[in-house]
Amino acid sequence: MTSLLTPVRAWHRPLMVCAVLMFGLVLASGVGTVVDGRTLLDESVWVKPLKFGFAFGLYAGTLAWLLTKLTRGRRLGRWLGTVFAVAATVEVGAITVQAARGTFSHFNADQTDPVTLALVPLLTFGVMVIVIAQLVLAVVVLIQRTGGAALNRAIRSGLALATFGMVVPVFWMVTEIHSRTVTDANGHSVQMYQGHGIGDPDGHGMPLTNWSVTGGDFRVPHFFALHGIQVLLLITVVLAALAAERVWLRDEKVRARLVGSAALGYTGLVAVVTWQAWRGQSLIHPDAATLLALAAVLLLTAGTTVRVIVTAKRATARRATAERATARPAGIPEPAHPAR
């Protein structure tokens, strides 16, 4: 457990500043959704800054902690953390400006609006900078050990998932074109070159997430993959806490195997929802093939988890039996030494 705990004052400062700004934006955007009635594609103009603020705030905080665990390439890691913090702040700042103006940020091809023309390059290149910084950070983490086996597995698997989650929207943006004209919150017609939905570019979204219910949506795998690292770190913390009461969990290798099983299952989930979105299918309207794939992932994860638990408990029972067999029965005195 101690390998997970690091004083907050030692966390990467630029990333912590980024996280604080993002969570401040979440609060401000939450107020905006209540007091500002303007909408974009049937959702409040402030929902997008709220979602991006929450996602980047959570991830920036995680990276700020993670960089304290580096033993090699610390200078490079901290420099990349600063690059990530600045790029994320600029990216979300541009999104917030466009939201406040009542118009679209991503996919906006309006050539008549000077503010949009100035911000679109920031949005486009900001994403690329964030993805590249994430890729290099992942490599830096892979070349070292950052803690115990369980923590190492959680960090490496989580970073791999997060990197995939950041690449997905970039891939979608550069491989598909769905040009159309939509109306912004000010009643102006805006030319768009892309949409989030697959099969239905704008879709008809769920509450808050706005994930399409009428087609596929790559924001689904993007979200699940991006936040996999937090899920796996939480599982690692829970297992470390439970080890105080359960003897069979005190072996670091056992906890690492359980984290690996969780990572396997979570990766399978991300793979299934990515495949589902690719086929133009809404998350909440899975077909038989999607349900079968999810069932297979669930069974595989459950099977590997049960196997690790059963094996660990048996090994613990064998060790306990061996210790009792070698221990001296209570009440038997020490043999007398012969007189010399």
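See the structure shown above.
These figures come from a predicted structure and were not determined experimentally.

A. Quick look at the overall build of the chain. When helices and strands are counted, the chain shows nine helices and six strands. Expected size for 340 residues packed as a compact globule is a radius of gyration near 20 Å; at 25 Å, the chain overshoots this value by more than 25%. Principal axes of the C-alpha set define a box for the chain whose edges measure 110 × 50 × 35 Å. A burial count over the chain gives 45% of its 340 residues as buried. Counting only contacts in the chain whose residues sit at least 6 apart along the sequence, the fraction spanning at least 24 positions is 68%. Within the chain, the 17 negative side-chain charges are centred at a point lying 20 Å from the centre of the 30 positive side-chain charges.

B. Representation of helix α7 (residues 228–242) in the model. Helix length check: α7 (15 residues) gives 21 Å between terminal C-alpha atoms against 21 Å at 1.5 Å per residue, within 8%. Taken residue by residue, α7 has Gly-228, Ile-229, Gln-230, Leu-232, Leu-233, Thr-236, Leu-239 and Ala-240 as its buried positions.

C. Focus on the environment of Ala-64. Here Ala-64 lies in helix α2 (residues 47–66). For the pair formed by Ala-64 and Gly-81, sequence separation is 17 residues and the distance between their alpha carbons is 7.5 Å. Once you skip the residues sitting within four places of it in the chain, Ala-64 turns out to touch Trp-11, His-12, Leu-15 and Met-16.

D. Region of the structure containing the nonpolar core. Among the nonpolar cores identified, the biggest contains 56 residues, and Leu-15, Tyr-59, Phe-84 and Ile-155 are the most heavily contacted of them. For this core, the element with the highest residue contribution is helix α5 (residues 149–175), accounting for nine residues. Counting residues in each nonpolar core, the second largest holds eight residues, with Leu-40, Phe-104, Val-182 and Val-190 among its members.

E. Up close: the packing of α7 against helix α8 (residues 252–278). Where α7 contacts α8, the two axes come as close as 10 Å, and the packing angle between them is 150°. Comparing the axis directions of α7 and α8 gives the class roughly antiparallel. Our pair here, α7 against α8, has a crossing hand that is right-handed. Here α7 contributes Gly-228, Val-231, Leu-232, Ile-235, Thr-236, Leu-239 and Ala-240 to the contact with α8, which in turn contributes Arg-255, Leu-258, Val-259, Ala-262, Ala-263 and Tyr-266. Partitioning the contact of α7 with α8 into residue classes produces 10 nonpolar, two polar and one charged.

F. Spotlight on the packing of aromatic side chains. Tallying each qualifying case throughout the model produces eight aromatic pairs. Among the aromatic residues, ring-to-ring pairing joins Phe-52, Phe-56, Tyr-59 and Phe-84 into one connected group. The ring of Trp-275 is capped by Arg-279, whose NZ or CZ atom sits 3.8 Å from the centre of that ring.

G. Representation of the packing of helix α6 (residues 219–226) against α7 within the structure. With their axes 4 Å apart at the nearest point, α6 and α7 run at an angle of 35° to one another. Two secondary-structure elements touch here, α6 through Phe-224, Ala-225 and Leu-226 and α7 through Gly-228, Ile-229 and Gln-230. Among the residues making up the contact of α6 with α7, the classes are represented as four nonpolar, two polar and no charged.

H. Main features of the pattern of salt bridges. Tallying each qualifying case throughout the model produces six salt bridges. Across the pair Asp-217 and Arg-219 runs a salt bridge whose closest N-O atoms are separated by 2.7 Å. Of the two residues, Asp-217 and Arg-219, both sit in the buried class. With a closest N to O distance of 2.5 Å, Arg-255 and Glu-252 form a salt bridge. One end of the pair, Arg-255, and the other, Glu-252, are both in helix α8, three residues apart, so they sit about a helical turn from each other. Since its relative accessible area comes to 26%, Glu-252 is described here as partly exposed.

The rules behind the values
- Residues numbered from 1 in each chain as written.
- Predicted model: local features only at pLDDT ≥ 70, side-chain atom pairs only at ≥ 80, totals over all residues.
- Heavy atoms only, no water.
- Helix = DSSP H or I, 4+ residues; strand = E, 2+ residues; numbered from the N terminus.
- Rg over C-alpha atoms; globule rule 2.2 N^0.38 Å.
- Buried < 20%, exposed > 50% of the residue type's maximum accessible area, 1.4 Å probe, protein only.
- Contact = heavy atoms within 4.5 Å.
- Lys, Arg positive; Asp, Glu negative; His and termini not counted.
- Charge placed at Lys NZ, Arg CZ, Asp CG, Glu CD.
- Expected span 1.5 Å × (residues − 1).
- Core = buried A, V, L, I, M, F, W, Y, C linked by side-chain atoms within 4.5 Å.
- Axes fitted to C-alpha atoms, helices over the stretch in contact; angles between N-to-C directions.
- Parallel < 35°, antiparallel > 145°, perpendicular 65-115°, else oblique.
- Left-handed = near helix turned anticlockwise from the far one by under 90°.
- Nonpolar A, V, L, I, M, F, W, Y, C, P; charged D, E, K, R; others polar.
- Phe/Tyr/Trp six-rings, centres within 6.5 Å; stacked < 30°, edge-to-face > 60°.
- Lys NZ or Arg CZ within 6 Å of the ring centre and 35° of its normal.
- Salt bridge = Lys/Arg side-chain N within 4 Å of Asp/Glu carboxyl O.

By themselves, these are just geometric observations and shouldn't be taken as functional.
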